[in-house]
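Examination of the molecular architecture
Each chain, written out:
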Amino acid sequence: MALLGPQQYPTELLDTTMDQLRTLIVVRETGTALGAARRLGREQSSVQKQLDTMNRTFAALCGEELVLKQGRGRDALFTATGEAMVDLARRTLGEWSDGVHDARRRLGRTLSVGTTRYTLGFLLDAVERVSEDYERDDVDLKVTHVRTGDLFTKLRAKELDLVCGSVVVTEGEEAELLAPYEVMEWRRSGLSLLTNLPPDRLPSTSFRARDLPRLPLVVSGGLIGRVLKAWYGPEYRQKLSIAAEIEAAHYGFELLRSGVVSGAMLVTRGIGEAAADGRLPEAGGLRTLEIVGDVGPTTEVLVGVFTRRGERDSYGPGHPLSLLWEALAAESERWWLRP
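Below: a short report on this structure. Keep in mind that what you see is a predicted model, and the values were worked out from it rather than measured. (Residues numbered from 1 in each chain as written. Predicted model: local features only at pLDDT ≥ 70, side-chain atom pairs only at ≥ 80, totals over all residues. Heavy atoms only, no water.)

1. A word on the packing of aromatic side chains
This model, assessed by the stated rule, comprises three aromatic pairs. Measuring from ring centre to ring centre gives 4.2 Å for Phe-152 and Tyr-181, while their planes differ by 5°; the resulting arrangement is stacked. Highlighted residues: Phe-152 in helix α7 (residues 151-156) and Tyr-181 in strand β6 (residues 181-189), separated in sequence by 29 residues. By relative accessible area, Phe-152 is classed as buried at 10%. One aromatic cluster in this structure is built from Phe-152, Tyr-181 and Phe-306. The ring of Phe-78 has Arg-28 lying over it, and the distance from NZ or CZ to the ring centre is 5.6 Å. (Phe/Tyr/Trp six-rings, centres within 6.5 Å; stacked < 30°, edge-to-face > 60°. Helix = DSSP H or I, 4+ residues; strand = E, 2+ residues; numbered from the N terminus. Buried < 20%, exposed > 50% of the residue type's maximum accessible area, 1.4 Å probe, protein only. Lys NZ or Arg CZ within 6 Å of the ring centre and 35° of its normal.)

Here is the structure:
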(Lines give C-alpha, C1' and ligand atoms only; values in the text may rest on other atoms or scores of the structure.)
Protein backbone atom coordinates (compact mmCIF):
# COMPACT_ATOMS: atom_id res chain seq x y z
CA MET A 1 0.00 0.00 0.00
CA ALA A 2 1.42 3.38 -1.05
CA LEU A 3 2.11 5.87 1.69
CA LEU A 4 0.13 9.11 1.65
CA GLY A 5 1.12 12.53 2.96
CA PRO A 6 4.64 13.47 4.08
CA GLN A 7 5.58 9.82 4.63
CA GLN A 8 5.67 9.24 0.84
CA TYR A 9 8.77 11.42 0.35
CA PRO A 10 12.17 9.65 0.41
CA THR A 11 14.48 10.71 3.22
CA GLU A 12 17.24 11.54 0.72
CA LEU A 13 14.93 13.95 -1.10
CA LEU A 14 13.90 15.66 2.14
CA ASP A 15 17.57 16.22 2.95
CA THR A 16 17.98 18.27 -0.25
CA THR A 17 17.95 21.96 0.66
CA MET A 18 16.86 25.02 -1.26
CA ASP A 19 20.42 26.28 -1.03
CA GLN A 20 21.58 23.13 -2.83
CA LEU A 21 18.96 23.73 -5.53
CA ARG A 22 20.22 27.28 -5.98
CA THR A 23 23.78 26.03 -6.26
CA LEU A 24 22.73 23.54 -8.94
CA ILE A 25 21.07 26.34 -10.94
CA VAL A 26 24.10 28.63 -10.68
CA VAL A 27 26.51 25.86 -11.73
CA ARG A 28 24.32 25.29 -14.79
CA GLU A 29 24.35 29.02 -15.59
CA THR A 30 28.08 29.59 -15.03
CA GLY A 31 29.28 26.23 -16.32
CA THR A 32 31.63 25.34 -13.48
CA ALA A 33 31.83 24.99 -9.73
CA LEU A 34 34.44 27.75 -9.72
CA GLY A 35 32.15 30.11 -11.64
CA ALA A 36 29.29 29.33 -9.28
CA ALA A 37 31.53 29.89 -6.24
CA ARG A 38 32.52 33.32 -7.54
CA ARG A 39 28.91 34.34 -8.16
CA LEU A 40 27.75 33.06 -4.78
CA GLY A 41 30.75 34.45 -2.88
CA ARG A 42 31.81 31.03 -1.61
CA GLU A 43 34.76 28.70 -1.71
CA GLN A 44 34.89 26.34 -4.66
CA SER A 45 35.22 23.41 -2.27
CA SER A 46 31.88 24.35 -0.67
CA VAL A 47 30.12 24.35 -4.04
CA GLN A 48 31.78 21.09 -5.07
CA LYS A 49 30.72 19.45 -1.80
CA GLN A 50 27.09 20.37 -2.50
CA LEU A 51 27.35 18.96 -6.03
CA ASP A 52 28.83 15.72 -4.73
CA THR A 53 26.03 15.42 -2.16
CA MET A 54 23.35 15.97 -4.82
CA ASN A 55 25.05 13.52 -7.16
CA ARG A 56 24.93 10.80 -4.52
CA THR A 57 21.33 11.63 -3.60
CA PHE A 58 19.95 11.54 -7.13
CA ALA A 59 22.07 8.60 -8.21
CA ALA A 60 20.34 6.68 -5.42
CA LEU A 61 16.89 8.10 -6.20
CA CYS A 62 16.97 8.13 -10.01
CA GLY A 63 19.89 5.92 -11.02
CA GLU A 64 21.91 8.76 -12.57
CA GLU A 65 24.10 11.56 -11.25
CA LEU A 66 23.24 15.15 -12.07
CA VAL A 67 26.61 16.66 -13.01
CA LEU A 68 29.70 15.00 -14.48
CA LYS A 69 33.18 16.49 -14.27
CA GLN A 70 34.82 17.18 -17.62
CA GLY A 71 38.33 18.01 -16.54
CA ARG A 72 40.23 21.24 -15.92
CA GLY A 73 39.02 24.22 -17.93
CA ARG A 74 35.92 22.50 -19.27
CA ASP A 75 32.31 23.14 -18.29
CA ALA A 76 30.55 20.53 -16.20
CA LEU A 77 28.36 18.12 -18.16
CA PHE A 78 24.78 17.92 -17.01
CA THR A 79 23.06 14.59 -17.56
CA ALA A 80 19.48 14.34 -18.74
CA THR A 81 18.44 13.91 -15.12
CA GLY A 82 20.56 16.92 -14.18
CA GLU A 83 18.89 19.12 -16.81
CA ALA A 84 15.46 17.98 -15.63
CA MET A 85 16.35 18.73 -12.00
CA VAL A 86 17.65 22.22 -12.91
CA ASP A 87 14.29 23.01 -14.54
CA LEU A 88 12.47 21.64 -11.51
CA ALA A 89 14.71 23.59 -9.14
CA ARG A 90 13.96 26.85 -10.99
CA ARG A 91 10.21 26.20 -10.77
CA THR A 92 10.43 25.16 -7.13
CA LEU A 93 12.38 28.21 -5.99
CA GLY A 94 10.25 30.48 -8.17
CA GLU A 95 7.00 29.17 -6.73
CA TRP A 96 8.28 29.48 -3.17
CA SER A 97 9.51 33.00 -3.83
CA ASP A 98 6.13 33.94 -5.35
CA GLY A 99 4.33 32.37 -2.39
CA VAL A 100 6.39 34.31 0.13
CA HIS A 101 5.85 37.53 -1.80
CA ASP A 102 2.09 36.90 -1.98
CA ALA A 103 1.97 36.35 1.78
CA ARG A 104 3.96 39.53 2.45
CA ARG A 105 1.67 41.46 0.09
CA ARG A 106 -1.47 40.09 1.75
CA LEU A 107 -0.17 40.96 5.22
CA GLY A 108 0.89 44.44 4.16
CA ARG A 109 4.62 43.85 4.58
CA THR A 110 5.57 44.83 1.05
CA LEU A 111 4.13 46.94 -1.79
CA SER A 112 5.45 47.11 -5.35
CA VAL A 113 4.52 50.23 -7.29
CA GLY A 114 5.28 51.20 -10.88
CA THR A 115 5.25 54.61 -12.49
CA THR A 116 6.04 56.10 -15.87
CA ARG A 117 8.42 59.03 -16.01
CA TYR A 118 5.68 61.64 -16.30
CA THR A 119 3.55 60.31 -13.44
CA LEU A 120 6.39 59.91 -10.93
CA GLY A 121 5.69 63.31 -9.37
CA PHE A 122 2.12 62.32 -8.46
CA LEU A 123 3.37 59.15 -6.79
CA LEU A 124 6.12 60.87 -4.80
CA ASP A 125 3.70 63.47 -3.45
CA ALA A 126 1.27 60.73 -2.44
CA VAL A 127 4.01 58.67 -0.78
CA GLU A 128 4.76 61.65 1.47
CA ARG A 129 1.20 61.38 2.80
CA VAL A 130 1.64 57.73 3.86
CA SER A 131 5.33 57.69 4.78
CA GLU A 132 4.71 57.81 8.54
CA ASP A 133 2.23 54.92 8.36
CA TYR A 134 4.66 52.89 6.25
CA GLU A 135 7.56 53.56 8.61
CA ARG A 136 5.46 52.64 11.63
CA ASP A 137 4.34 49.36 10.07
CA ASP A 138 7.76 48.62 8.51
CA VAL A 139 6.33 48.44 4.98
CA ASP A 140 8.88 47.64 2.26
CA LEU A 141 7.89 50.00 -0.58
CA LYS A 142 9.48 49.22 -3.95
CA VAL A 143 9.15 51.78 -6.75
CA THR A 144 9.89 50.72 -10.33
CA HIS A 145 10.04 52.62 -13.60
CA VAL A 146 7.59 50.94 -15.96
CA ARG A 147 7.11 51.46 -19.68
CA THR A 148 3.57 52.19 -20.79
CA GLY A 149 3.42 49.04 -22.90
CA ASP A 150 4.26 46.85 -19.89
CA LEU A 151 1.76 48.38 -17.47
CA PHE A 152 -0.97 45.73 -17.58
CA THR A 153 1.46 42.87 -18.17
CA LYS A 154 3.24 43.57 -14.90
CA LEU A 155 -0.03 43.96 -13.01
CA ARG A 156 -1.33 40.63 -14.35
CA ALA A 157 1.92 38.89 -13.43
CA LYS A 158 1.74 40.42 -9.92
CA GLU A 159 5.16 41.99 -10.39
CA LEU A 160 3.50 45.28 -9.43
CA ASP A 161 0.58 45.98 -7.10
CA LEU A 162 -0.25 49.48 -8.35
CA VAL A 163 0.77 51.52 -11.38
CA CYS A 164 0.55 55.22 -12.20
CA GLY A 165 0.60 55.63 -15.96
CA SER A 166 -1.24 55.87 -19.26
CA VAL A 167 -3.15 53.45 -21.48
CA VAL A 168 -4.84 53.80 -24.84
CA VAL A 169 -8.61 53.25 -24.82
CA THR A 170 -10.56 52.80 -28.03
CA GLU A 171 -14.29 53.12 -28.51
CA GLY A 172 -15.97 49.73 -28.25
CA GLU A 173 -12.97 48.04 -26.62
CA GLU A 174 -12.51 49.98 -23.39
CA ALA A 175 -14.82 47.97 -21.12
CA GLU A 176 -13.14 44.67 -21.93
CA LEU A 177 -9.64 46.18 -21.65
CA LEU A 178 -10.21 47.68 -18.19
CA ALA A 179 -12.48 44.97 -16.73
CA PRO A 180 -9.69 43.21 -14.72
CA TYR A 181 -8.55 46.46 -13.12
CA GLU A 182 -9.69 49.10 -10.68
CA VAL A 183 -9.04 52.49 -12.27
CA MET A 184 -8.66 55.94 -10.74
CA GLU A 185 -9.00 58.15 -13.79
CA TRP A 186 -7.01 61.39 -13.79
CA ARG A 187 -7.65 62.61 -17.31
CA ARG A 188 -8.44 61.62 -20.87
CA SER A 189 -6.94 63.34 -23.87
CA GLY A 190 -5.68 62.89 -27.38
CA LEU A 191 -2.31 63.57 -28.94
CA SER A 192 -0.30 66.70 -29.70
CA LEU A 193 2.48 67.59 -32.08
CA LEU A 194 5.77 69.13 -31.06
CA THR A 195 7.40 70.69 -34.08
CA ASN A 196 10.45 72.66 -35.13
CA LEU A 197 8.79 73.72 -38.38
CA PRO A 198 8.18 77.49 -38.63
CA PRO A 199 4.61 78.87 -38.70
CA ASP A 200 4.82 79.60 -42.42
CA ARG A 201 5.30 75.86 -43.10
CA LEU A 202 2.97 74.58 -40.37
CA PRO A 203 0.46 77.29 -39.38
CA SER A 204 -2.35 77.24 -36.80
CA THR A 205 -2.48 75.74 -33.32
CA SER A 206 -4.22 72.50 -34.30
CA PHE A 207 -3.74 69.82 -36.90
CA ARG A 208 -6.10 67.17 -38.26
CA ALA A 209 -5.11 63.54 -37.82
CA ARG A 210 -6.12 62.81 -41.42
CA ASP A 211 -3.38 65.20 -42.58
CA LEU A 212 -0.56 63.49 -40.65
CA PRO A 213 0.65 61.52 -43.72
CA ARG A 214 1.93 64.74 -45.30
CA LEU A 215 4.22 65.57 -42.35
CA PRO A 216 7.68 64.14 -41.63
CA LEU A 217 7.03 62.52 -38.25
CA VAL A 218 9.03 61.42 -35.24
CA VAL A 219 7.14 58.55 -33.61
CA SER A 220 7.65 56.08 -30.80
CA GLY A 221 6.17 52.66 -30.26
CA GLY A 222 4.11 51.78 -27.23
CA LEU A 223 1.29 54.20 -26.50
CA ILE A 224 1.78 56.41 -29.59
CA GLY A 225 2.03 53.36 -31.80
CA ARG A 226 -1.24 51.98 -30.44
CA VAL A 227 -3.07 55.24 -31.19
CA LEU A 228 -1.70 55.27 -34.75
CA LYS A 229 -2.66 51.63 -35.19
CA ALA A 230 -6.23 52.45 -34.10
CA TRP A 231 -6.38 55.38 -36.54
CA TYR A 232 -4.57 53.97 -39.57
CA GLY A 233 -4.51 50.20 -39.01
CA PRO A 234 -1.61 47.77 -38.43
CA GLU A 235 0.27 49.06 -41.49
CA TYR A 236 0.36 52.65 -40.28
CA ARG A 237 4.10 52.90 -40.98
CA GLN A 238 3.44 52.48 -44.68
CA LYS A 239 0.75 55.19 -44.62
CA LEU A 240 2.77 57.83 -42.76
CA SER A 241 6.01 59.66 -43.56
CA ILE A 242 8.16 58.58 -40.62
CA ALA A 243 11.43 60.49 -40.40
CA ALA A 244 12.58 58.82 -37.18
CA GLU A 245 11.42 56.10 -34.81
CA ILE A 246 12.45 56.53 -31.18
CA GLU A 247 12.12 54.71 -27.87
CA ALA A 248 12.20 57.68 -25.48
CA ALA A 249 10.60 61.11 -25.82
CA HIS A 250 13.79 62.89 -24.77
CA TYR A 251 15.61 61.48 -27.78
CA GLY A 252 12.92 62.96 -30.03
CA PHE A 253 13.20 66.34 -28.32
CA GLU A 254 16.93 66.37 -29.00
CA LEU A 255 16.45 65.38 -32.63
CA LEU A 256 14.03 68.23 -33.28
CA ARG A 257 15.92 70.85 -31.28
CA SER A 258 19.17 69.96 -33.05
CA GLY A 259 17.58 70.40 -36.48
CA VAL A 260 18.83 67.01 -37.62
CA VAL A 261 15.20 66.20 -38.32
CA SER A 262 12.74 68.82 -39.56
CA GLY A 263 9.21 67.75 -38.78
CA ALA A 264 6.90 67.00 -35.90
CA MET A 265 6.88 64.58 -33.00
CA LEU A 266 3.75 62.84 -31.75
CA VAL A 267 3.30 63.07 -27.97
CA THR A 268 0.45 62.80 -25.50
CA ARG A 269 -1.50 66.00 -24.98
CA GLY A 270 -0.24 66.21 -21.39
CA ILE A 271 3.36 66.36 -22.64
CA GLY A 272 2.37 68.86 -25.30
CA GLU A 273 0.75 71.12 -22.71
CA ALA A 274 3.77 70.85 -20.41
CA ALA A 275 6.06 71.87 -23.29
CA ALA A 276 3.82 74.80 -24.24
CA ASP A 277 3.70 76.01 -20.62
CA GLY A 278 7.49 75.85 -20.21
CA ARG A 279 7.29 72.96 -17.70
CA LEU A 280 9.37 70.74 -19.97
CA PRO A 281 12.71 72.51 -20.50
CA GLU A 282 14.08 69.72 -22.68
CA ALA A 283 11.38 70.57 -25.26
CA GLY A 284 12.13 74.31 -25.17
CA GLY A 285 11.86 76.07 -28.51
CA LEU A 286 9.40 73.58 -29.99
CA ARG A 287 5.86 74.63 -30.89
CA THR A 288 2.84 72.64 -29.73
CA LEU A 289 -0.16 71.86 -31.94
CA GLU A 290 -3.21 69.93 -30.80
CA ILE A 291 -4.21 67.01 -32.99
CA VAL A 292 -7.86 66.72 -33.92
CA GLY A 293 -8.66 63.00 -34.06
CA ASP A 294 -10.80 62.81 -37.19
CA VAL A 295 -9.78 59.36 -38.44
CA GLY A 296 -10.59 55.88 -37.19
CA PRO A 297 -12.53 55.08 -34.01
CA THR A 298 -12.54 57.48 -31.07
CA THR A 299 -9.23 56.81 -29.33
CA GLU A 300 -7.99 58.49 -26.16
CA VAL A 301 -5.08 58.38 -23.76
CA LEU A 302 -6.32 57.57 -20.25
CA VAL A 303 -3.96 58.71 -17.49
CA GLY A 304 -4.53 57.39 -14.00
CA VAL A 305 -3.86 54.77 -11.34
CA PHE A 306 -4.43 51.07 -11.89
CA THR A 307 -4.53 48.05 -9.61
CA ARG A 308 -6.03 44.56 -9.82
CA ARG A 309 -9.79 44.65 -9.37
CA GLY A 310 -11.05 43.48 -5.98
CA GLU A 311 -7.67 43.43 -4.29
CA ARG A 312 -8.15 46.57 -2.20
CA ASP A 313 -11.51 45.29 -0.93
CA SER A 314 -9.97 42.00 0.11
CA TYR A 315 -7.17 43.72 2.05
CA GLY A 316 -9.16 46.32 3.95
CA PRO A 317 -8.73 50.09 4.51
CA GLY A 318 -5.57 49.87 6.64
CA HIS A 319 -3.55 47.90 4.11
CA PRO A 320 -0.63 49.80 2.46
CA LEU A 321 -2.27 49.44 -0.97
CA SER A 322 -5.49 51.05 0.29
CA LEU A 323 -3.60 53.81 2.08
CA LEU A 324 -1.61 54.70 -1.03
CA TRP A 325 -4.73 54.60 -3.21
CA GLU A 326 -6.47 57.10 -0.94
CA ALA A 327 -3.37 59.29 -0.87
CA LEU A 328 -3.24 59.31 -4.68
CA ALA A 329 -6.94 60.21 -4.78
CA ALA A 330 -6.31 63.15 -2.44
CA GLU A 331 -3.30 64.24 -4.48
CA SER A 332 -5.32 64.04 -7.68
CA GLU A 333 -8.07 66.21 -6.19
CA ARG A 334 -5.53 68.75 -4.97
CA TRP A 335 -3.93 68.86 -8.42
CA TRP A 336 -7.16 69.51 -10.30
CA LEU A 337 -8.27 72.19 -7.82
CA ARG A 338 -5.13 74.24 -8.41
CA PRO A 339 -5.77 77.61 -10.05
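On we go from here.
2. Considerations on the pattern of salt bridges
Scanning all chains against the criterion turns up 26 salt bridges. In this structure, Arg-90 engages Asp-87 in a salt bridge whose closest nitrogen and oxygen atoms are separated by 3.8 Å. Of this pair, Arg-90 and Asp-87 both sit in helix α5 (residues 80-106), separated by three residues, roughly a single helical turn. A salt bridge links Glu-174 to Arg-188; the shortest N-O distance between them is 2.4 Å. Taken together, the residues span a long stretch of sequence, with Glu-174 in helix α8 (residues 174-178) and Arg-188 in strand β6 at a distance of 14 residues. (Salt bridge = Lys/Arg side-chain N within 4 Å of Asp/Glu carboxyl O.)

3. Thoughts on the pairing of strand β12 (residues 287-292)
Two strands pair when backbone bridges link them, and strand β7 (residues 191-195) and β12 are joined in this way by four bridges, in the antiparallel orientation. Bridge pairing in β12 links Leu-194 to Thr-288. Sheet analysis places strand β8 (residues 206-208) next to β12, joined by three bridges and oriented parallel. Within β12, the residue paired with Ser-206 across the bridge is Glu-290. (Pairing = 2+ DSSP bridges.)

4. With respect to helix α2 (residues 18-30)
Here α2 spans 18 Å end to end across 13 residues, near enough to the 18 Å set by a 1.5 Å rise per residue. Those residues of α2 that fall on the buried side of the exposure criterion are Gln-20, Leu-21, Thr-23, Leu-24, Ile-25, Val-26 and Val-27. Buried residues belonging to α2 abut α3 (33-40), α4 (44-62), β1 (67-68), β2 (77-78) and α5. (Expected span 1.5 Å × (residues − 1). Contact = heavy atoms within 4.5 Å.)

5. Section: a nonpolar patch on the surface
Residues Tyr-9, Leu-13, Leu-14 and Leu-61 make up a contiguous nonpolar surface patch of roughly 360 Å² in combined accessible area. Turning to its location among the elements, Leu-61 is positioned in helix α4. By relative accessible area, which is 33% here, Leu-61 ends up partly exposed. (Patch = residues over 30% accessible without salt bridge, like charges linked within 9 Å, V, L, I, M, F, W, Y side chains within 5 Å. Areas by Shrake-Rupley, 256 points an atom, 1.4 Å probe, with all protein chains shown as cover.)

6. Digging into the packing of α2 against α3
Their axes nearest at 8 Å, the elements α2 and α3 cross at an angle of 115°. In the crossing of α2 with α3, the sense of the turn from one axis to the other is right-handed. Taken together, the residues of α3 that come into contact with α2 (itself represented by Arg-22, Thr-23, Val-26, Val-27, Glu-29 and Thr-30) are Ala-33, Gly-35, Ala-36, Arg-39 and Leu-40. (Axes fitted to C-alpha atoms, helices over the stretch in contact; angles between N-to-C directions. Left-handed = near helix turned anticlockwise from the far one by under 90°.)

7. A short note on the sheet that holds strand β9 (residues 216-220)
The strand order across the open sheet formed by six strands is β8-β12-β7-β11-β9-β10, and the pairing between neighbours is mixed. On the outer flanks of this sheet lie β8 and β10 (241-246), each paired with one strand and no other. Strand-to-strand twist of the sheet, defined as the mean angle between neighbouring strand axes without regard to direction, takes the value 35°. Along the sheet face, helix α11 (residues 249-258) touches β7, β9, β10 and β11 (264-268) and points at about 150° away from the line of β11. Along the sheet, helix α12 (residues 269-276) contacts β7, β11 and β12; its crossing angle with β11, the most-contacted strand, is approximately 110°.

8. Section: the sheet that holds strand β3 (residues 110-115)
Spatially, β4-β3-β5-β13-β6 is the arrangement adopted by the five strands of the open sheet, whose pairing is mixed. Both outer strands of the open sheet, β4 (140-145) and β6, are each paired with one neighbouring strand and no more. Sheet twist, expressed as the mean angle between neighbouring strand axes with direction ignored, is 30°. In terms of strand pairing, strand β5 (residues 162-170) meets strand β13 (residues 299-308) through nine bridges, oriented antiparallel.

9. Thoughts on the side chain of Thr-299
Among the structural elements, Thr-299 can be located in strand β13. Looking at Thr-299, its side chain comes within polar contact range of the main-chain oxygen of Pro-297, at 3.0 Å. Setting aside its immediate chain neighbours within four residues, Thr-299 contacts Val-168, Val-169, Thr-170, Val-227, Ala-230 and Trp-231. (Polar contact = N/O pair within 3.5 Å; in protein donor to acceptor, adjacent residues only side chain to side chain.)

10. Regarding the pairing of β13
Counting buried positions over the ten residues of β13 gives nine, a clear majority of the element. In this structure, β6 lies alongside β13, joined through eight bridges in antiparallel fashion. Residue pairing in the sheet places Glu-185 in a bridge with Gly-304 of β13.

11. Some points on the packing of α3 against α4
In a pair of packed helices, the angle between the axes and the distance between the axes together describe the arrangement. Orientation of α3 relative to α4, taken along the N-to-C sense of each, is 120°, at an axis distance of 8 Å. Like other packed secondary-structure pairs, α3 and α4 cross with a definite hand, here right-handed. Taken together, the residues of α4 that come into contact with α3 (itself represented by Ala-33, Leu-34, Ala-36 and Ala-37) are Gln-44, Val-47, Gln-48 and Leu-51. Considering only residue class, the contact of α3 with α4 consists of six nonpolar, two polar and no charged. (Nonpolar A, V, L, I, M, F, W, Y, C, P; charged D, E, K, R; others polar.)

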